[in-house]
Amino acid sequence: LGALAPHRVTDLDLASRLSFMLTDSIPDDELLAAAPNLGDPATIDAQATRLLASSRANTSLARFFREWTGTVQVSSADKDPAFFPSFDAAHARSMNDSFDRFVLDQIRNQGTLRTLLRTTDAFVDANMAALLGLPAPPAGQWAKVTLDDKRYSGIVTQPAMLASLAHSAESSFVFRGKFIRKQLLCENLGMPPPDAQATFNTIPLPPDPTGKDISAAVVARAECSGCHALMNPAGLSMEQFDAIGQWRTTYSSGK
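Residues numbered from 1 in each chain as written. Predicted model: local features only at pLDDT ≥ 70, side-chain atom pairs only at ≥ 80, totals over all residues. Heavy atoms only, no water.

Enquirer: Mind showing me how you'd approach the overall build of the protein here?
Expert: Helix and strand content of the protein: 12 helices and two strands. Its helices and strands in sequence order give the protein the pattern α-α-α-α-α-α-β-α-β-α-α-α-α-α, from N to C terminus. Principal-axis analysis of the C-alpha atoms places the extent of the protein at approximately 70 × 55 × 35 Å. Sorting the 255 residues of the protein into buried and exposed places 40% on the buried side. Taking as baseline every contact in the protein between residues at least 6 positions apart, the subset at least 24 positions apart corresponds to 61%. When the accessible surface of the protein is summed, it comes to about 14,200 Å², and 58% of that surface belongs to carbon and sulfur atoms. Of the side chains in the protein, 23 bear a positive and 27 a negative charge, and the two mean positions are spaced by 4 Å. (Helix = DSSP H or I, 4+ residues; strand = E, 2+ residues; numbered from the N terminus. Buried < 20%, exposed > 50% of the residue type's maximum accessible area, 1.4 Å probe, protein only. Contact = heavy atoms within 4.5 Å. Areas by Shrake-Rupley, 256 points an atom, 1.4 Å probe, with all protein chains shown as cover. Lys, Arg positive; Asp, Glu negative; His and termini not counted. Charge placed at Lys NZ, Arg CZ, Asp CG, Glu CD.)

Enquirer: Is there a simple way to think about unusual backbone geometry in this case?
Expert: Comment: phi is negative for the bulk of residues other than glycine, and the bulk of peptide bonds are trans. Non-glycine residue Asp24 carries a positive phi angle of around 60°. You can see Asp24 is positioned in the loop between helix H1 (11–23) and helix H2 (29–34). Taking relative accessible area as the criterion, Asp24 reaches 38% and is therefore assigned partly exposed. One non-glycine residue, Asp208, lies in the positive phi region at around 45°. Positionally, Asp208 belongs in the loop between helix H10 (196–201) and helix H11 (211–219).

Below you can see the structure in the form of C-alpha cells.
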C-alpha cells in the first residue's frame, strides 16, 4: 500500500470524535452548531462538560470504570451452576446494573476518590438484595442502601467487580490483588513467566487448601515470590467474598 495522504481534521471530525468518545453516538444539533468553533479550547471544554452532564454519557462513563477495574458484563455462563445454582441470567443482569448505578451515582452526586473507595452505598433490586442479605425493595424497583462497613468498602467490594475478578467456582486473590497493585496503586508488576501455570501445577498443596494455604505455597517459591508477595496479601483481604461477590465465612470445602 502506498503512503496515505495527510488528512486535515475537520470541524465535523472533531465533533464526531468528541461525541463518540463521550456518548457513544453521533453529534447532537448543539455540538454540530458549535463545530466551527471547536478549535477554541474553551468551546471544547464547554461542549465536553455539557455532554458529560447528559444521561447520554452514562454508558461511556460506566464503561470507563469497568475497563479500569476489569469489571466485565457478568454472565450466568461465567459461573459454575454446581456452586451457584440460583445465579441465572436475571441475577447477572441485576449485578451488572447495580455496578453501573453505583459508579454513576458517584459521578453524578459529587463523589470523590475517597468516597469511591470508602462508601458503603450500594444499589439493590430483589436479586441483589437476596445476594447481599437485605430486605428486597418493591418488585421491579431499585433502592439505594447502606451496607455493613465492617464488610464493604466502595467499588472494590461491589459484587460485579468481585465476580469479574474471580474464577467460575472460586474467588481469585491473584486477580483481585493484581487490580489493587496495578490499577489502584499504579505499580508495574511485569508479565508472568510463560511457564507460570505449569510451575503452579507442581506446587504441593494440602487437601482442600484455603486461599492462605495456596498463597503461602506460591510465595515460598523463589521464582513466584517477587510478584505474588505483593499481589496475594492485597487479594486475600477480599477472600471472604466468593466468586459471585457474596459474603462467606467458609469455603465450599467447609473450611
